[in-house]
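One letter stands for each residue in the lines below.
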Amino acid sequence: MKSKNFITLLDIPKKDLKQLVLRAIELKKMTKSNIAYTPLQNKTLALIFDKSSTRTRVSFEVGMTHFGGNTLFLSPRDTQLGRGEPIEDTAKVISSMVDCIVIRTHDHNDVLKFSAESSVPVINGLTELVHPCQLLADVMTFTEIKGDIKGKKVAWIGDANNMCNSYINASKQFEFHLSIATPDKFIPSLYNKNDNILLTNDPLIAAKDADLVVTDVWASMGQEEEEEDRKKIFRPLQVNKNIMSVANEDVIFMHCLPAHREEEVTSDVLDSNASVIWQEAENRLHAQKALLEYLLVKNI
Ligand code: CP
Ligand code: NVA
């Protein structure tokens, strides 16, 4: 039987995803109560990271430690991947020795090629197209603070990037209303005009009555050379107090981090009572554990 993968949010059925988020909240409570739960003893998770990471790497490594398993961090610079060994051959070899693999890389197609040859579950740790693991933590955080996200209004303001695409997928899987404000000509690649998503260049329209406002950096990893040009293009989309003021009174603010203060978001929003960024970051750990359990522990 082909193993389960998590390449995009659409890989897991809606009802399982919802259950996974609730399970993450439960696993968090168990961790806080020091209840040991080690279902992945003698299991190894390989992390193939071709881009920098703080939260994703640390959360998977610590999650595996909690679960009694091990991790293997593999930078392509140190493996034969960096010297041109085909991704398909690498997938066959590594998956013959480990139990699960997380990949963070530039080209989404490389994750697809890898997963096609892998005999164990493959998790997308971020590509230029999507960042599905982050959405598990975001929906978990929303659920903890405000309850079910179904039917709520989420405003994405900023770049039409991997996080924006992941919010598009999440709006379908978790059934929330999504409005997106991006500059003209920056259309998210997963946006489909038949979807019930509001796309505008006006952040005030997008943020109106929102329960959650989200943004991300204006230049993602791999776009460093465009950074200065992008600062000018995206300036009108900075999330500031003015934008937050048109949202719901009890709106919350999220950012996957790392954030560039005074660029995509002002410090007074980032540090405001509406901001839940630290809880969101911590929840990467608990959400990742729920994902590993879903993919690797039988009968879950
Ligand atoms: N949000 C996120 O994925 O952070 P890292 O790049 O630090 O993993
Ligand atoms: N959009 C950002 C997210 C980082 C977690 C990037 O891809 O660099």
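Further up the page is the structure itself.
Here the structure is a predicted model, which means the values were calculated and not measured. In this numbering scheme, every chain counts its residues from 1 along its sequence in written order. Think of it this way: whatever chain is written first is A, whatever ligand is written first is 1, and the rest follow in order. Restriction of local features to residues with pLDDT of at least 70 applies here, the model being predicted, together with a cutoff of 80 or more for giving and counting side-chain atom pairs; totals for whole chains, interfaces and linings are based on all residues. For the side-chain quantities, the full set of heavy atoms in the structure was used; hydrogens and water were omitted.

Enquirer: Tell me what's going on with helix α2 (residues 55-66), and back it up with residues and numbers.
Expert: Helix numbers and strand numbers start at the N terminus; a helix is a DSSP run of H or I with at least 4 residues, a strand a run of E with at least 2. The length a helix should cover is 1.5 Å for every residue beyond the first. Taking 1.5 Å of rise per residue, 12 residues should cover 16 Å, and α2 covers 16 Å from first to last C-alpha, within 8% of that figure. When a residue's accessible area, from a 1.4 Å probe over protein chains only, is under 20% of the maximum for its type it is buried; when over 50% it is exposed; and in between it is partly exposed. Among the residues of α2, Thr56, Ser59, Phe60, Gly63 and Met64 are the ones counted as buried. Each buried residue of α2 lies within a common arc of 125° when the element is viewed along its axis, so the set occupies one face. Every residue pair with non-hydrogen atoms within 4.5 Å of one another is taken to be in contact. Tucked inside the fold, the buried residues of α2 contact β1 (44-49), β2 (70-74), β3 (100-104), β4 (122-124), α5 (132-146) and α11 (277-296). Following α2 by one or two positions, Gly68 has its phi on the positive side, about 85°. The arc in question is formed by the directions pointing from the helix axis toward the C-beta atoms.

Enquirer: So what about the side chain of Asn161? Which residues, and what values?
Expert: Along the chain, Asn161 falls in the loop between β5 (153-157) and α6 (162-173). Residue Asn161 is classed as buried on the basis of its relative accessible area, which comes to 6%. Polar contact is the term for a pair of N or O atoms within 3.5 Å; when the atoms are in protein, one must be able to donate a hydrogen and the other to accept it, and sequence-neighboring residues count only if both atoms are side-chain atoms. A polar contact is formed between the side chain of Asn161 and the side chain of Asp216, at a distance of 2.9 Å. Those residues in contact with Asn161, other than ones at most four positions away along the chain, are Leu129, Trp156, Asp216, Val217 and Ser220.

Enquirer: Describe in detail the state of the cysteines, supporting the description with residues and values.
Expert: Here, two cysteine sulfur atoms that lie within 2.5 Å of each other are counted as a disulfide. Counting across every chain of the model gives 0 disulfides. No disulfide involves Cys100; its sulfur sits 9.7 Å from that of Cys133, the nearest cysteine. Given a relative accessible area of 0%, Cys100 falls into the buried group. Here Cys164 stays unpaired: no disulfide links it, and the sulfur of Cys256, its closest cysteine neighbor, is 12 Å away.

Enquirer: Go over the pairing of β1 with me, naming the residues and quoting the values.
Expert: Most of β1 sits out of view: 6 of its 6 residues are buried. Neither face of β1 is exposed, since Thr44, Ala46 and Ile48 on one face and Leu45, Leu47 and Phe49 on the opposite face are all buried. Between any two strands, pairing holds if DSSP finds at least two bridges. Sheet topology places β1 next to β2; 5 bridges connect them, and they run parallel. Its bridge partner being in β2, Ile48 is matched across the sheet by Leu74. As defined by bridge partners, β1 adjoins β3 across 5 bridges and the pair is classed as parallel. Its bridge partner being in β3, Leu47 is matched across the sheet by Val102.

These results come straight from atomic positions and should not be treated as a statement about function.
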